[in-house]
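Below are the chains, spelled out letter by letter.
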Amino acid sequence: DAGVIQSPRHEVTEMGQEVTLRCKPISGHNSLFWYRQTMMRGLELLIYFNNNVPIDDSGMPEDRFSAKMPNASFSTLKIQPSEPRDSAVYFCASTQGTSGVQETQYFGPGTRLLVL
Amino acid sequence: AQSVTQPDIHITVSEGASLELRCNYSYGATPYLFWYVQSPGQGLQLLLKYFSGDTLVQGIKGFEAEFKRSQSSFNLRKPSVHWSDAAEYFCAVVPTGRRALTFGSGTRLQVQP
């Protein structure tokens, strides 16, 4: 299995620009998570989908952030407009979504975003 | 809210020495606890997890962790560290009613030759 795939791996953009991060979960997995890692706040959940439906978006910082999962094999996290404080590593993770909280979350390699 | 605390930000050990990374949780009942490892520039990989039963949990790469309710701890151990174990280690919990992980602040492990 290819694992969780994220693109791009690195993104450098200027403040005010739109940024789109992409994630392809492991085939057959029904739950998908977006996390953000920063020096100041560590690793924190942004949003979680189950069967393509957003279940918990309590971590989405503000209206500039939006996430979609149009089908079981693709999700996007969009920041518009981007700000320097959005600079972070964004991780996507997936689980089978059938066995509850004890399931292992499989993480992608992350997208390192730098907003100038 | 349920959370985990990793009191050590940075630990350095010599190759071949034993290792213990500390994790304390705040939760009344038995939590769902995890240890993940993050190598430089990589994603996170699950080392082990605990939900119930035997309090000593074996994981991958020779790691183990012991759940101690009396101390609210879930410390990660390895009897002999290898240079390839240098990485950042995260303790995590799944709070009640949620599916997503809540992570500790991480412990960066450096291994000296």
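Residues numbered from 1 in each chain as written. Chains lettered and ligands numbered in written order. Predicted model: local features only at pLDDT ≥ 70, side-chain atom pairs only at ≥ 80, totals over all residues. Heavy atoms only, no water.

Visitor: Requested: an account of unusual backbone geometry, with residues and values cited.
Guide: Residues apart from glycine generally show negative phi values, whereas peptide bonds are mostly found in trans. Cis geometry marks the peptide bond from A:Ser7 to A:Pro8, where omega comes out at -10°. Residue placement: A:Pro8 occurs in the loop between strand 1 (5–7) and strand 2 (10–13). A cis geometry characterises the amide bond from A:Gln80 onward to A:Pro81, with omega recorded as -10°. The topology assignment puts A:Pro81 in the loop between strand 8 (74–79) and strand 9 (88–95). The backbone of B:Lys61 shows a phi angle near 60°, a positive value even though the residue is not glycine. (Helix = DSSP H or I, 4+ residues; strand = E, 2+ residues; numbered from the N terminus.)

Visitor: Run through the interface of chain A and chain B, naming residues and quoting values.
Guide: With 22 residues of chain A at the contact, the number on the chain B side is 18 residues. Across the interface of chain A and chain B, roughly 1700 Å² is buried in total on both sides, 55% from carbon and sulfur atoms. At the boundary of chain A with chain B, the tally comes to 1 salt bridge. Note that B:Arg99 and A:Glu103 form a salt bridge whose closest N and O atoms lie 3.3 Å from each other. For the pair chain A and chain B, the number of links is 8 residue pairs in polar contact (both at pLDDT 80 or more). (Contact = heavy atoms within 4.5 Å. Buried area = accessible area lost by both parts, 1.4 Å probe. Salt bridge = Lys/Arg side-chain N within 4 Å of Asp/Glu carboxyl O. Polar contact = N/O pair within 3.5 Å; in protein donor to acceptor, adjacent residues only side chain to side chain.)

Visitor: Outline the side chain of A:Gln6, listing residues and values.
Guide: Residue and element names in this part refer to chain A. Along the chain, Gln6 falls in strand 1. Judged by relative accessible area, which is 4%, Gln6 ranks as buried. From its side chain, Gln6 meets the backbone oxygen of Tyr90 in a polar contact 2.9 Å long. A polar contact is formed between the side chain of Gln6 and the backbone nitrogen of Gly110, at a distance of 3.0 Å. In contact with Gln6, not counting residues within four places along its chain, are Arg22, Trp34, Tyr90, Phe91, Cys92, Gly108, Pro109, Gly110 and Thr111. (Buried < 20%, exposed > 50% of the residue type's maximum accessible area, 1.4 Å probe, protein only.)

Visitor: Kindly report on the nonpolar core, identifying the contributing residues and their values.
Guide: Nonpolar side chains tend toward joint burial in soluble globular proteins. Within the largest apolar cluster, 26 residues are counted, with the highest numbers of intra-cluster contacts made by B:Leu19, B:Trp35, B:Leu47, B:Leu48, B:Phe74, B:Leu76 and B:Tyr89. Mapped by element, the contributors of at least two residues to this core are strand 2 (10–14), strand 3 (19–21), strand 5 (32–38), strand 6 (44–50), strand 8 (64–68), strand 9 (73–78), strand 10 (87–94) and strand 12 (107–112) of chain B. The leading source of residues in this core is strand 10 of chain B, at 4 residues. Membership of the second largest hydrophobic core comes to 21 residues, among which are A:Val19, A:Cys23, A:Met69 and A:Leu113. (Core = buried A, V, L, I, M, F, W, Y, C linked by side-chain atoms within 4.5 Å.)

Visitor: Before we move on, could you go through the pattern of salt bridges and cite the residues and values that matter?
Guide: Considering all chains together, one arrives at 14 salt bridges over all chains under this definition. A:Glu83 is paired through a salt bridge with A:Arg64; the nearest N and O atoms lie 3.5 Å apart. Of this pair, A:Glu83 sits in the loop between strand 8 and strand 9 while A:Arg64 sits in the loop between strand 6 (53–56) and strand 7 (65–71); the two residues are 19 residues apart in sequence, bridging distant segments of the chain. Here A:Glu83 falls in the partly exposed class, since its relative accessible area comes to 23%. Overall, the relative accessible area of 9% leaves A:Arg64 in the buried class. In this structure, the salt-bridge partner of B:Glu64 is B:Arg77, at a minimum N-O distance of 3.1 Å. Within this pair, whereas B:Glu64 is found in strand 8, its partner B:Arg77 is found in strand 9, the two being separated by 13 residues in sequence.

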